[in-house]
Amino acid sequence: MEGKQLNRKCCKVLLSVTLSSVLLIALSGCMKSKPGVLGEYIDYNYPYEPDSPAPAPHKGYFASEHGTMSFNGDGESVTIDFDKPLAAAVGLPAGEQKATYAFKSGDLPPHGKIPIRYDVAMYLSITAGSQYADIAVGIVSEDGIKSTGTNCTTEDRITFIDVELDGKAGVNFLKSTKTIKYTGQGRQKQQRGSNFDRRGCRRTG
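Notes on the structure in this doc start here. What you are looking at is a predicted structure, and each value in this text was computed from that prediction instead of being measured.

**Details of the environment of E49**
In this fold, E49 is placed in the loop between β2 (41-44) and β3 (59-64). Since its relative accessible area comes to 40%, E49 is described here as partly exposed. Taking the C-alpha atoms as reference points, E49 and R117, 68 residues apart in sequence, are found 7.7 Å from one another. With sequence-adjacent residues up to four places away left out, E49 is seen in contact with I116 and R117.

**Structural notes on the pairing of strand β4 (residues 67-72)**
Across 6 bridges, the pairing between β3 and β4 is antiparallel. Along β4, the bridge assignment pairs S64 with G67. Hairpin connection from β3 to β4: 2 residues lie between these consecutive antiparallel strands. Sheet topology places β4 next to strand β5 (residues 77-82); 5 bridges connect them, and they run antiparallel. When the sheet's bridge partners are listed, G67 is paired in β5 with F82.

**Regarding the packing of aromatic side chains**
Per the counting criterion, the structure on display carries 7 aromatic pairs. An angle of 85° between the planes, with centres 5.5 Å apart, marks the rings of F62 and F71 as edge-to-face. Classification of F62 by relative accessible area gives buried; the value is 0%. Since its relative accessible area comes to 4%, F71 is described here as buried. Seen from their ring centres, F103 and Y118 are 5.9 Å apart, and the 55° between their planes marks the pair as tilted. Taken together, the residues span a long stretch of sequence, with F103 in strand β6 (residues 95-104) and Y118 in the loop between β6 and β7 (123-128) at a distance of 15 residues. For F103, a relative accessible area of 6% translates into the label buried. Of note, K113 hangs over the ring of Y123, and the distance from its end group to the ring centre comes to 4.8 Å.

**Quick word on the pattern of salt bridges**
Scanning the entire structure with this criterion turns up 4 salt bridges. Among the ionic pairs, K113 bridges to D134, the shortest N-O distance being 3.8 Å. Residue K113 is located in the loop between β6 and β7, and its partner D134 is located in strand β8 (residues 131-136); the two are separated by 21 residues in the primary sequence. According to the relative accessible area criterion, D134 is partly exposed, its value standing at 32%. D119 is the salt-bridge partner of R117, the closest N and O atoms lying 2.8 Å from each other.

Rules behind the numbers
- Residues numbered from 1 in each chain as written.
- Predicted model: local features only at pLDDT ≥ 70, side-chain atom pairs only at ≥ 80, totals over all residues.
- Heavy atoms only, no water.
- Helix = DSSP H or I, 4+ residues; strand = E, 2+ residues; numbered from the N terminus.
- Buried < 20%, exposed > 50% of the residue type's maximum accessible area, 1.4 Å probe, protein only.
- Contact = heavy atoms within 4.5 Å.
- Pairing = 2+ DSSP bridges.
- Phe/Tyr/Trp six-rings, centres within 6.5 Å; stacked < 30°, edge-to-face > 60°.
- Lys NZ or Arg CZ within 6 Å of the ring centre and 35° of its normal.
- Salt bridge = Lys/Arg side-chain N within 4 Å of Asp/Glu carboxyl O.

Structure follows, in C-alpha coordinates:
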(Lines give C-alpha, C1' and ligand atoms only; values in the text may rest on other atoms or scores of the structure.)
Protein backbone atom coordinates (compact mmCIF):
# COMPACT_ATOMS: atom_id res chain seq x y z
CA MET A 1 0.00 0.00 0.00
CA GLU A 2 2.78 2.38 0.96
CA GLY A 3 4.63 1.45 -2.25
CA LYS A 4 1.63 2.44 -4.41
CA GLN A 5 1.29 5.80 -2.63
CA LEU A 6 5.00 6.44 -3.13
CA ASN A 7 4.72 5.63 -6.83
CA ARG A 8 1.78 8.02 -7.18
CA LYS A 9 3.75 10.81 -5.50
CA CYS A 10 6.72 10.17 -7.80
CA CYS A 11 4.46 10.29 -10.87
CA LYS A 12 2.94 13.60 -9.74
CA VAL A 13 6.40 15.14 -9.21
CA LEU A 14 7.59 13.90 -12.61
CA LEU A 15 4.48 15.24 -14.33
CA SER A 16 4.93 18.64 -12.64
CA VAL A 17 8.58 18.86 -13.72
CA THR A 18 7.68 17.89 -17.30
CA LEU A 19 4.92 20.49 -17.57
CA SER A 20 7.21 23.18 -16.13
CA SER A 21 9.91 22.33 -18.67
CA VAL A 22 7.44 22.49 -21.58
CA LEU A 23 6.17 25.88 -20.35
CA LEU A 24 9.68 27.32 -20.08
CA ILE A 25 10.54 26.14 -23.61
CA ALA A 26 7.34 27.69 -24.98
CA LEU A 27 7.99 31.01 -23.28
CA SER A 28 11.60 31.13 -24.43
CA GLY A 29 10.39 30.71 -28.01
CA CYS A 30 8.43 33.95 -27.74
CA MET A 31 11.53 36.06 -27.11
CA LYS A 32 14.54 36.91 -29.24
CA SER A 33 18.06 36.72 -27.91
CA LYS A 34 21.38 38.33 -28.63
CA PRO A 35 24.88 37.50 -27.46
CA GLY A 36 25.78 39.50 -24.38
CA VAL A 37 29.00 40.22 -22.52
CA LEU A 38 31.39 37.23 -22.36
CA GLY A 39 29.27 35.34 -24.88
CA GLU A 40 26.19 34.63 -22.73
CA TYR A 41 22.77 35.16 -24.25
CA ILE A 42 20.34 37.75 -22.90
CA ASP A 43 16.62 37.77 -23.70
CA TYR A 44 15.15 41.06 -24.86
CA ASN A 45 11.59 42.26 -25.19
CA TYR A 46 11.78 43.71 -28.70
CA PRO A 47 9.57 46.42 -30.21
CA TYR A 48 7.59 45.93 -33.41
CA GLU A 49 9.42 46.61 -36.68
CA PRO A 50 7.90 46.22 -40.18
CA ASP A 51 9.21 43.66 -42.65
CA SER A 52 9.88 46.44 -45.15
CA PRO A 53 13.42 47.88 -45.54
CA ALA A 54 14.27 50.51 -42.92
CA PRO A 55 14.23 54.10 -44.21
CA ALA A 56 17.54 55.91 -44.63
CA PRO A 57 18.55 58.15 -41.71
CA HIS A 58 17.39 61.76 -41.78
CA LYS A 59 19.62 64.11 -43.73
CA GLY A 60 19.37 67.86 -44.09
CA TYR A 61 17.90 70.82 -42.30
CA PHE A 62 14.67 70.72 -40.25
CA ALA A 63 13.11 73.96 -39.03
CA SER A 64 10.45 74.88 -36.49
CA GLU A 65 9.29 78.12 -34.90
CA HIS A 66 11.49 77.42 -31.86
CA GLY A 67 14.62 75.85 -33.26
CA THR A 68 16.34 73.79 -35.92
CA MET A 69 17.98 70.39 -36.30
CA SER A 70 20.59 69.62 -38.96
CA PHE A 71 21.28 65.94 -39.73
CA ASN A 72 24.33 64.81 -41.69
CA GLY A 73 22.85 61.45 -42.68
CA ASP A 74 25.02 59.12 -40.56
CA GLY A 75 22.13 58.20 -38.22
CA GLU A 76 24.07 59.44 -35.16
CA SER A 77 25.11 63.10 -35.46
CA VAL A 78 22.88 66.17 -35.35
CA THR A 79 23.41 69.88 -34.78
CA ILE A 80 20.57 71.37 -32.75
CA ASP A 81 19.79 75.05 -32.31
CA PHE A 82 16.88 75.56 -29.89
CA ASP A 83 15.61 78.83 -28.45
CA LYS A 84 15.35 79.14 -24.67
CA PRO A 85 11.67 78.13 -24.31
CA LEU A 86 12.12 74.92 -26.32
CA ALA A 87 15.46 74.10 -24.69
CA ALA A 88 13.91 74.47 -21.23
CA ALA A 89 10.88 72.36 -22.21
CA VAL A 90 12.96 69.38 -23.37
CA GLY A 91 15.89 69.74 -20.96
CA LEU A 92 18.69 70.52 -23.42
CA PRO A 93 21.01 73.54 -23.74
CA ALA A 94 19.86 76.54 -25.78
CA GLY A 95 21.69 77.79 -28.86
CA GLU A 96 23.72 75.83 -31.39
CA GLN A 97 24.99 72.50 -30.04
CA LYS A 98 26.75 69.50 -31.56
CA ALA A 99 24.83 66.43 -30.43
CA THR A 100 24.15 62.74 -31.00
CA TYR A 101 20.73 61.18 -31.39
CA ALA A 102 18.79 57.92 -31.68
CA PHE A 103 15.16 57.13 -32.33
CA LYS A 104 13.80 54.70 -29.76
CA SER A 105 10.84 52.51 -28.86
CA GLY A 106 8.62 52.98 -25.85
CA ASP A 107 9.72 51.65 -22.47
CA LEU A 108 10.15 47.86 -22.67
CA PRO A 109 10.98 46.39 -19.23
CA PRO A 110 13.46 45.39 -18.08
CA HIS A 111 15.63 46.97 -20.76
CA GLY A 112 13.99 50.38 -21.22
CA LYS A 113 13.82 52.18 -24.55
CA ILE A 114 15.49 50.36 -27.46
CA PRO A 115 17.02 52.05 -30.56
CA ILE A 116 14.73 51.52 -33.56
CA ARG A 117 13.98 52.84 -37.07
CA TYR A 118 12.36 56.27 -37.02
CA ASP A 119 9.12 55.35 -38.81
CA VAL A 120 7.96 53.28 -35.82
CA ALA A 121 9.72 55.23 -33.06
CA MET A 122 8.05 56.78 -30.02
CA TYR A 123 11.01 58.83 -28.76
CA LEU A 124 13.92 60.85 -30.08
CA SER A 125 16.85 60.69 -27.66
CA ILE A 126 19.33 63.57 -27.93
CA THR A 127 22.61 63.98 -26.05
CA ALA A 128 24.29 67.39 -26.10
CA GLY A 129 27.37 67.58 -23.90
CA SER A 130 26.41 66.33 -20.45
CA GLN A 131 22.67 66.81 -21.05
CA TYR A 132 20.38 64.09 -22.31
CA ALA A 133 16.69 64.06 -23.21
CA ASP A 134 14.11 61.50 -24.32
CA ILE A 135 11.62 63.49 -26.38
CA ALA A 136 8.26 61.95 -27.34
CA VAL A 137 7.67 62.16 -31.10
CA GLY A 138 4.58 61.57 -33.23
CA ILE A 139 1.82 63.79 -34.56
CA VAL A 140 -0.66 66.17 -32.96
CA SER A 141 -4.04 66.72 -34.64
CA GLU A 142 -5.70 70.13 -34.93
CA ASP A 143 -7.91 69.25 -31.95
CA GLY A 144 -4.86 68.33 -29.83
CA ILE A 145 -5.04 64.53 -30.06
CA LYS A 146 -1.56 62.96 -29.90
CA SER A 147 -0.49 59.87 -31.82
CA THR A 148 2.83 58.07 -31.81
CA GLY A 149 4.26 54.99 -33.48
CA THR A 150 4.01 53.68 -37.05
CA ASN A 151 4.39 56.35 -39.78
CA CYS A 152 4.05 59.24 -37.33
CA THR A 153 7.64 60.42 -37.91
CA THR A 154 8.47 60.76 -41.60
CA GLU A 155 11.37 61.58 -43.88
CA ASP A 156 10.47 65.28 -43.80
CA ARG A 157 8.68 65.77 -40.46
CA ILE A 158 9.65 65.26 -36.80
CA THR A 159 7.18 66.50 -34.18
CA PHE A 160 7.82 66.90 -30.45
CA ILE A 161 4.35 66.01 -29.19
CA ASP A 162 4.67 66.65 -25.44
CA VAL A 163 5.93 70.23 -25.77
CA GLU A 164 3.44 73.10 -25.53
CA LEU A 165 4.68 76.59 -26.39
CA ASP A 166 2.83 79.78 -27.33
CA GLY A 167 -0.43 78.05 -26.41
CA LYS A 168 0.09 75.38 -29.12
CA ALA A 169 0.51 71.65 -28.56
CA GLY A 170 3.47 70.10 -30.35
CA VAL A 171 6.51 71.55 -32.10
CA ASN A 172 6.85 70.57 -35.77
CA PHE A 173 10.29 70.28 -37.36
CA LEU A 174 9.83 70.24 -41.13
CA LYS A 175 12.53 69.65 -43.72
CA SER A 176 13.55 72.97 -45.20
CA THR A 177 15.83 74.42 -47.86
CA LYS A 178 16.56 77.51 -45.76
CA THR A 179 18.82 78.56 -42.98
CA ILE A 180 17.36 79.93 -39.74
CA LYS A 181 19.74 80.98 -36.97
CA TYR A 182 18.94 80.98 -33.26
CA THR A 183 21.00 82.41 -30.41
CA GLY A 184 18.99 80.86 -27.61
CA GLN A 185 16.82 83.99 -27.62
CA GLY A 186 14.69 83.34 -30.68
CA ARG A 187 14.74 83.24 -34.44
CA GLN A 188 17.18 85.73 -35.99
CA LYS A 189 16.88 85.15 -39.69
CA GLN A 190 14.91 83.13 -42.21
CA GLN A 191 16.30 83.24 -45.72
CA ARG A 192 14.18 83.09 -48.82
CA GLY A 193 13.56 79.69 -50.35
CA SER A 194 12.25 78.07 -47.20
CA ASN A 195 9.56 75.42 -47.50
CA PHE A 196 8.81 75.69 -43.78
CA ASP A 197 5.12 74.82 -43.41
CA ARG A 198 3.36 76.91 -40.75
CA ARG A 199 0.14 74.93 -41.11
CA GLY A 200 1.51 72.13 -38.94
CA CYS A 201 1.69 68.39 -39.59
CA ARG A 202 -0.98 66.18 -41.00
CA ARG A 203 -1.46 62.57 -40.00
CA THR A 204 0.08 60.10 -42.43
CA GLY A 205 -0.69 56.83 -40.65
